[in-house]
Amino acid sequence: MSISHLLFWILSVAVLFSALMVVTSRNPVHSVIWLIVTFFAISGHYILLNAQFLAIVNIIVYAGAIMVLFLFVIMLMNLNKESEPARHKWLQLAGAVSGGALLLVLVSALKNTELKSQQSLLIEGHIGLIKTLGQELFSTYVIPFELSSILFLSAMVGAVLIGKKD
Amino acid sequence: MPINYYLFLAIALFSIGVVGVLTRRNAIIIFMCIELMLNAVNLLLVAFSKMHYQQAVAAALPIANPGVEGQLFVFFIMVVAAAEVSVGLAIIVMLYRNIHSVDINFLNRLKH
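1. Observations concerning the overall build of chain B
Here is step 1 of the chain: A count of helical and extended segments in chain B gives three helices and zero strands.
Here is step 2 of the chain: For 112 residues, the compact-globule estimate of 2.2 N^0.38 gives 13 Å, and chain B exceeds it by more than 25% at 19 Å.
Here is step 3 of the chain: Taking the principal axes of the C-alpha coordinates as reference, chain B spans close to 60 × 25 × 20 Å.
Here is step 4 of the chain: Out of the 112 residues belonging to chain B, those deemed buried represent 53%.

2. Things to note about the overall build of chain A
Here is step 1 of the chain: Scanning chain A from N- to C-terminus turns up six helices and zero strands.
Here is step 2 of the chain: Taking 166 residues into account, the globule formula puts the C-alpha radius of gyration at 15 Å, and chain A, at 20 Å, lies well above it.
Here is step 3 of the chain: Along the first, second and third principal axes, the C-alpha set of chain A runs to 50 × 40 × 30 Å.
Here is step 4 of the chain: Counting all 166 residues of chain A, 25% fall into the buried class.
Here is step 5 of the chain: Sequence separation of at least 24 residues holds for 63% of the intrachain contacts in chain A that already meet a minimum separation of 6.

3. Examining the packing of helix α1 (residues 3-24) of chain A against helix α1 (residues 3-23) of chain B
Here is step 1 of the chain: Put simply, α1(A) and α1(B) touch, their axes get as near as 9 Å, and they point 5° apart. In terms of orientation, α1(A) lies roughly parallel with respect to α1(B). Within the contact between the two elements, α1(A) uses Ser12(A), Val15(A), Leu16(A), Ala19(A), Leu20(A), Val22(A) and Val23(A) and α1(B) uses Leu9(B), Ala12(B), Leu13(B), Ile16(B), Val19(B) and Gly20(B).
Here is step 2 of the chain: Of the residues contributing to the contact of α1(A) with α1(B), the split by class is eleven nonpolar, two polar and no charged.

4. Points about the interface of chain A and chain B
Interface size is commonly expressed as the accessible surface area that is lost when the partners come together.
Here is step 1 of the chain: Facing 67 residues of chain A, the contacting portion of chain B comprises 59 residues.
Here is step 2 of the chain: No other element matches helix α4 (residues 89-110) of chain A, which puts ten residues into the side of chain A that touches chain B.

5. Quick look at the confidence of the model for chain B
Interpreting fine coordinate detail is not advised for predicted regions of low pLDDT.
Here is step 1 of the chain: Per-residue pLDDT for chain B has a mean of 87; in total, 96% of the residues score no lower than 70.
Here is step 2 of the chain: This prediction of the complex comes with two scores: 0.89 for pTM and 0.89 for ipTM.

6. Let's talk about the domain arrangement of chain A
Here is step 1 of the chain: Taken domain by domain, chain A comprises domain 1 (1-81) and domain 2 (129-166).
Here is step 2 of the chain: Between domain 1 of chain A and domain 2 of chain A, the C-alpha centre-to-centre distance is 23 Å.

7. Some thoughts on the nonpolar core
Here is step 1 of the chain: In terms of nonpolar packing, the biggest core is built from 69 residues, with Ala10(B) and Ile28(B) touching the most fellow members.
Here is step 2 of the chain: Listed by contribution, the elements that provide at least two residues to this core are α1, α2 (28-48) and α3 (52-76) of chain A together with α1, α2 (27-59) and α3 (68-99) of chain B.
Here is step 3 of the chain: When residues of this core are assigned to their parent elements, the largest contribution, 16 residues, is made by α2(B).
Here is step 4 of the chain: Discounting chain neighbours no more than four positions away, the residues touching Ala10(B) are Ala40(B), Leu43(B) and Leu44(B).

8. Comments concerning α3(A)
Residues and elements named next belong to chain A.
Here is step 1 of the chain: Taking 1.5 Å as the rise per residue, α3 with 25 residues should run 36 Å; its terminal C-alpha atoms sit 34 Å apart, in good agreement.
Here is step 2 of the chain: The largest bend in α3 amounts to roughly 30° and is located at Met67.
Here is step 3 of the chain: Listed in full, the buried residues belonging to α3 are Phe53, Leu54, Ala55, Val57, Asn58, Tyr62, Ile66, Phe70, Val73 and Ile74.
Here is step 4 of the chain: Of the residues one or two after α3, Asn78 is the one with positive phi, at around 55°.

Each value, and the rule that gives it
- Residues numbered from 1 in each chain as written.
- Chains lettered and ligands numbered in written order.
- Predicted model: local features only at pLDDT ≥ 70, side-chain atom pairs only at ≥ 80, totals over all residues.
- Helix = DSSP H or I, 4+ residues; strand = E, 2+ residues; numbered from the N terminus.
- Rg over C-alpha atoms; globule rule 2.2 N^0.38 Å.
- Buried ≥ 20, exposed ≤ 12 C-beta atoms within 10 Å, placed from the backbone.
- Contact = placed C-beta atoms within 7 Å.
- Axes fitted to C-alpha atoms, helices over the stretch in contact; angles between N-to-C directions.
- Parallel < 35°, antiparallel > 145°, perpendicular 65-115°, else oblique.
- Nonpolar A, V, L, I, M, F, W, Y, C, P; charged D, E, K, R; others polar.
- pLDDT = per-residue confidence, 0-100.
- Domains from an automatic or database assignment.
- Core = buried A, V, L, I, M, F, W, Y, C linked by C-beta atoms within 7 Å.
- Expected span 1.5 Å × (residues − 1).
- Bend = angle between axes of the 7 residues up to and from the residue.

Structure follows, in structure tokens:
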């Protein structure tokens, strides 16, 4: 087993464990911290796939900006204690069972696909580099890129308008 | 690395997000579980993009950047997720200001 395969398994275990901790922690602040750990592990996966640009963007946008926003909101509402009343036991069990059933259905539907022999290239490949993605983004995909700036502007206006008092 | 492993990892991550949405009552944590699901999809898109890259390289196809669309798609998903989070958190803050709780069981006021 090569070092990249070993890293894949370590990162996968880290992703799944921290995702489970996000769902199971009672304290919302702990959930946010575990979600940040999840994002860092996913960024590790991106680096392993040589998608360097996405790894950095994932850390900056998700772990940096979005999670800080979540933390601010949680602390603004003073939710950093275990104040959440637990949902009814049977409802929790039903939720877990239906999620597990979804997992089971998807795995059993996809375990014999013809993709099985395909490999995903680790470490090598130049398509994840900033140069390639930037050239592609500013030539072929320049219109969606500019449209996303309009989306951001409208999201900003919407957030200010909704968050305004009265 | 076989694409199957990435497929199952993403499915497991997505299912954990679904379980979180179904079992928690705090609106913010439900929102975070939605982010978890988005990230599962992103991870799978990047893995598929590298799979297409390897296929195109192995077949020596005359394409400039095979598989780059997948990574750009992930980039746009991140853009939309950032916009969605800002608006969603503004809505949650407004709800908290009005009903002093983020428990989703109290969020059925639209029908009254």
